[in-house]
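Single-letter residue listing:
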Amino acid sequence: MTEVDLRGQVAIVTGASRGLGRHIATQLARKGVRVAACARTAVEDTGAELCVEMDVARWDSVERGVAAVRERLGKVDILVNNAGVGWYKPFEEWSVAELDLAIDVNLKGTIYMTRAVLPEMQAAGYGQIVNVASDLGRRVIPNMAAYVASKFGVVGFSGSLLREVKGKGVKVMTITPGIIDTFFNGGAEGTKEETWSLRPEFVAKTVVEMLELPRHWVVDEMAIHAMGQDF
């Protein structure tokens, strides 16, 4: 079996304005993929062919955004659901707005985006979806209850949907990374020690490699951590 040649395929990457999503969009573009970089704010300097302002938590925004991608670039072959939000603090300190946002972006956004592209993937007999969850979709820690709940939901959604659609040529893959050196929880990219955090460019490389696997292989779920992460 040979690797999938991604050149010329159309990919949507959400949360592409910075952090991991930005690196994924950039690396896919370098592979010759026609990338639509999507975020709630403007996206620049990723090499993407199209940048789309989109709020994945709103179905009307998702519908408009995906329609714009389809009109400009054609059928969507790849979807990377990367957009995510969260905070590290006691549950009682999370505002209702923050609770809503975590569930709406992390879980509903993943479901909405998938719902928007899945019919055309199934009709074509080919499509690849990568959902960026978290190691906290498989384990629990204090002070992140709503975030953990949303990522558990992403893992469950992905595994169930894979078994529903893989017979139609569509892959649904999940990556559950540990701590990444990005902007999460108010941090700044490039400030975390490499011994206990993952470099986003290498996590992005892993996502691209998952997409390049032979057509009849699928990564149900991949966990990746820095050796020094202590949970």
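Before reading on, note that the structure itself is shown above.
Residues numbered from 1 in each chain as written. Predicted model: local features only at pLDDT ≥ 70, side-chain atom pairs only at ≥ 80, totals over all residues. Heavy atoms only, no water.

Novice: An account of the side chain of N82 is requested, with residue identities and associated values reported.
Specialist: Tracing the backbone through its elements, the reader meets N82 in the loop between β4 (78-81) and α3 (96-124). Here N82 falls in the buried class, since its relative accessible area comes to 11%. Side-chain polar atoms of N82 contact the backbone oxygen of G15, separated by 3.2 Å. N82 has contacts with T14, G15, L20, G21 and V132, leaving out every residue within four places of it along the chain. (Helix = DSSP H or I, 4+ residues; strand = E, 2+ residues; numbered from the N terminus. Buried < 20%, exposed > 50% of the residue type's maximum accessible area, 1.4 Å probe, protein only. Polar contact = N/O pair within 3.5 Å; in protein donor to acceptor, adjacent residues only side chain to side chain. Contact = heavy atoms within 4.5 Å.)

Novice: Residues and numbers for the packing of aromatic side chains, please.
Specialist: Tallied over the full model, the rule gives 2 aromatic pairs. On the basis of an interplanar angle of 65° and a centroid distance of 5.7 Å, the ring pair of W59 and Y112 is categorised as edge-to-face. Of this pair, W59 sits in helix α2 (residues 59-73) while Y112 is found in helix α3, placing the two residues 53 residues apart along the sequence. Its relative accessible area of 32% is what places W59 among the partly exposed residues. With a relative accessible area of 21%, Y112 lands in the partly exposed category. Ring centres of W87 and W94 lie 5.5 Å apart, and the angle between their planes is 90°; on these two criteria the pair is classed as edge-to-face. Owing to a relative accessible area of 5%, W94 belongs among the buried residues under this scheme. (Phe/Tyr/Trp six-rings, centres within 6.5 Å; stacked < 30°, edge-to-face > 60°.)

Novice: Outline unusual backbone geometry, supporting the account with residue identities and numerical values.
Specialist: Its identity is not glycine, yet N143 carries a phi of approximately 70°, on the positive side. Following the sequence through the fold, N143 ends up in the loop between β5 (127-132) and α4 (145-165). By relative accessible area, which is 26% here, N143 ends up partly exposed.

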